[in-house]
Amino acid sequence: FLPAVFPLSCVVQNYSWGKVGLESEVAKLVASGDPLVQIQPDQPYAELWMGAHPRGDALIRDNRIPQKTLGQWIADNPACLGAKVKDAFQGQLPFLFKVLSVNTALSVQAHPNKELAAKLHAQFPEHYPDANHKPEMAIALTPFEGMCGFRPVEEIVSFLQNVPELRALIGEVAAEQLERSGSDDPRGVSAALRVCFTRLMKSEKKFFVDQLNMLVKRISQEAAEGKDTSGSNGDLLLRLHSQYPGDIGCFTIYFLNLVRLEPGEAMFLGANEPHAYLHGDCVEIMACSDNTVRAGLTPKFIDVLTLCEMLNYTPAPSSSKIFPAAQSQLDPNVYLYDPPVPDFTIMRIEIPASIKLYLISAMDSASILLVIQGTAVGTSTAAASEMSLHRGSVLFISANESISLHLSSPDGMLLFRACCLL
């Protein structure tokens, strides 16, 4: 008998933008998942990686299984993925599931589509390590803020009129072209937007640093006098400038939507969608790839030319960036986040306190289950023994296997399950 359902011990990434110590949801989950782990109070806990990515392959916590990591186990038992998934994704788990705890902004970035990814990887393998696309979806665990997609043109035009430092960087010709572009000509709007954003991102370093310093000084003075700085997006500007002084990314707030998610709300980031996470905790799922084209709010390699070429310049209101969850027809406790890509789907499972026995049903895909709150004992014909589940527990579930949860918590359970529904 070989177990096909087993607990995982997952890799933490301590990137500098992460929340520190037990402020971090990642740290809290890790600490409750494994009481032996010591959380360092001054260390950032940015990401928890639940999957088989070579730079963060989860350890198997079942000493009856000879393989040490999930990646090794899947390589030896590819049928666990499910027949369709195994064939479609060459025997690899197609997604990486994560928890993120964001304290300071992540870089302004976009991920290439498959075609561009293949090209970038062939030309610059040191910066673009693989040939895959990298769609992503984030679901808020705490109130979460990010920037995503281009704002409606009237909002950008309003900033061009209220923020002379921005207008100086973009130049009068490009600014007027955007102001004159009409909503009846979407291609003209996108072309004008592309010119404006490219002018901004390619502006001379000394020039934009001077303009940024002038802008920060002006907003700081206005704020000190008690004036309303919202016409210049003042609060966010000062916050990002304090995190990344002198960074061109500070100006992107005038082009990109600010999206605020309440717990359970999601945003989906397709190929070529500019975005940056700003603050909060979320679960995130993505296709297995490390391809990121960056342009600002980062000390890392930035590739402005590629970014400005590839972006989707379709303006849309921030409300359109919130991705809806659909309640499952089969089980009212399950909410499905099923994006327009084949690589991944997430289920949010909310089990009310009134239910004492709940079945995590079998599906034709391997899945990874994360417990956010509640406690239960899990039993499965495919598990070696009973599994104690509590906040921070992570389980790998092979395709076509199910788990019975015997709930023991007075306030129900909240779980997220990542899978691939082909």
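The name recorded for the protein in an unreviewed UniProt entry is Mannose-6-phosphate isomerase, from Pomatostomus ruficeps. Under the UniProt heading Subcellular location (unreviewed entry), the note attached to the protein is "Cytoplasm". Within the UniProt record for the protein, the comment given under Sequence similarities (unreviewed entry) is "Belongs to the mannose-6-phosphate isomerase type 1 family."

Caption draft 1: Representation of the domain arrangement of the protein. According to the domain assignment, the protein contains domain 1 (1-151 + 256-300 + 315-343), domain 2 (152-254) and domain 3 (344-419). Each of domain 1 and domain 3 has a C-alpha centre, and the two are 19 Å apart. On the side of domain 3, 39 residues touch domain 1, which itself brings 53 residues to the contact. Interface area, domain 1 with domain 3, both sides summed: about 3600 Å², of which 67% is carbon and sulfur. Contact with domain 3 buries surface across domain 1, with V5, F97 and N333 losing the most and accounting together for 18% of the total. For the interface between domain 1 and domain 3, the tally reads 1 salt bridge. The salt bridge involving E25 is made with R391; its shortest N-O contact spans 3.2 Å. The tally of links between domain 1 and domain 3 comes to 17 residue pairs in polar contact (both at pLDDT 80 or more). Breaking the side of domain 1 that touches domain 3 down by element, the ones donating at least two residues are β1 (5-9), α1 (25-33), α2 (70-76), α3 (83-88), β7 (95-102), β9 (136-140), β13 (275-287) and β17 (334-337).

Caption draft 2: A look at the environment of L160. By the element assignment, L160 lies in helix α5 (residues 153-162). Linking L160 and I253, residues 93 residues apart in sequence, is a C-alpha distance of 12 Å. Sequence-distant contacts of L160, that is, excluding residues within four places in its chain, are made with L166, R167, I170, A175 and L178.

Caption draft 3: Structural view of the packing of aromatic side chains. A complete count under the given rule lists 12 aromatic pairs for this structure. Their ring planes at 70 degrees and their centres at 5.8 Å tell us that W73 and F396 sit as a pair that is edge-to-face. One end of the pair, W73, is in helix α2; the other, F396, is in strand β23 (residues 394-397), and 323 residues separate them in sequence. Judged by centre distance (5.4 Å) and plane angle (80 degrees), the rings of F197 and F255 are edge-to-face. Of this pair, F197 sits in helix α8 (residues 186-201) while F255 sits in the loop between α10 (234-243) and β11 (256-261), and the two are 58 residues apart along the sequence. In terms of burial, F197 and F255 fall into one category: buried. Among the aromatic residues, those joined into a cluster by ring pairs are F150, F197, F255 and Y313. Above the plane of the ring of Y15 lies K300, whose end atom (NZ or CZ) is 5.9 Å from the centre. Just above the ring of Y335 sits the side chain of R348; from NZ or CZ to the centre is 4.4 Å.

Caption draft 4: Examining the packing of helix α9 (residues 205-224) against α10 more closely. Packing of α9 against α10 leaves a shortest axis separation of 10 Å and a crossing angle of 125 degrees. On the basis of the axis angle, α9 is oblique to α10. Crossing of α9 over α10 shows left-handed handedness. Between α9 and α10, the residues in contact are L212, N213, L215, V216, I219 and S220 and G234, L237, L238 and H241, respectively.

Caption draft 5: Local environment of the sheet that holds strand β19 (residues 357-360). The strand order across the open sheet built from 4 strands is β19-β24-β21-β22, with neighbouring strands paired in antiparallel fashion. Every other strand in the sheet has two partners, leaving β19 and β22 (387-389) as the edge strands with one partner each. Strand-to-strand twist in this sheet, taken as the mean axis angle between neighbours without regard to direction, amounts to 30 degrees. Note: β19 against strand β24 (residues 403-407), 4 bridges, orientation antiparallel. Residue pairing across strands places I360 opposite I403, the latter belonging to β24.

Caption draft 6: The arrangement of the sheet that holds strand β18 (residues 345-351) in detail. Strand order in the open sheet formed by 8 strands is β6-β1-β23-β20-β25-β18-β17-β16, and the pairing between neighbours is antiparallel. Looking at which strands have only one partner, the edges of the open sheet turn out to be β6 (59-60) and β16 (326-327). Here β1 runs beside β6; their pairing, made up of 2 bridges, is antiparallel. The residue of β6 that forms the bridge with S9 is L59.

Caption draft 7: Inspection of the UniProt feature "domain: Phosphomannose isomerase type I catalytic" (unreviewed entry) in the protein at higher detail. This chain's UniProt record puts "domain: Phosphomannose isomerase type I catalytic" (unreviewed entry) on residues 5-153. Counting secondary structure, residues 5-153 comes out at 22% helix and 28% strand; the distance between its end C-alpha atoms is 50 Å.

Caption draft 8: Local environment of unusual backbone geometry. The phi dihedral of Q90 is positive, around 50 degrees, even though this residue is not glycine. In this structure, Q90 sits in the loop between α3 and β7. The class for Q90 is exposed, based on a relative accessible area of 64%. Located in the positive-phi region is N400, a residue other than glycine, with phi close to 65 degrees. By secondary structure assignment, the location of N400 is in the loop between β23 and β24. The exposure class assigned to N400 is exposed, which follows from its relative accessible area of 52%.

About the thresholds
Residues numbered from 1 in each chain as written. Predicted model: local features only at pLDDT ≥ 70, side-chain atom pairs only at ≥ 80, totals over all residues. Heavy atoms only, no water. UniProt positions renumbered as here; feature names shortened; annotations may be inferred. Domains from an automatic or database assignment. Contact = heavy atoms within 4.5 Å. Buried area = accessible area lost by both parts, 1.4 Å probe. Salt bridge = Lys/Arg side-chain N within 4 Å of Asp/Glu carboxyl O. Polar contact = N/O pair within 3.5 Å; in protein donor to acceptor, adjacent residues only side chain to side chain. Helix = DSSP H or I, 4+ residues; strand = E, 2+ residues; numbered from the N terminus. Phe/Tyr/Trp six-rings, centres within 6.5 Å; stacked < 30°, edge-to-face > 60°. Buried < 20%, exposed > 50% of the residue type's maximum accessible area, 1.4 Å probe, protein only. Lys NZ or Arg CZ within 6 Å of the ring centre and 35° of its normal. Axes fitted to C-alpha atoms, helices over the stretch in contact; angles between N-to-C directions. Parallel < 35°, antiparallel > 145°, perpendicular 65-115°, else oblique. Left-handed = near helix turned anticlockwise from the far one by under 90°. Pairing = 2+ DSSP bridges.

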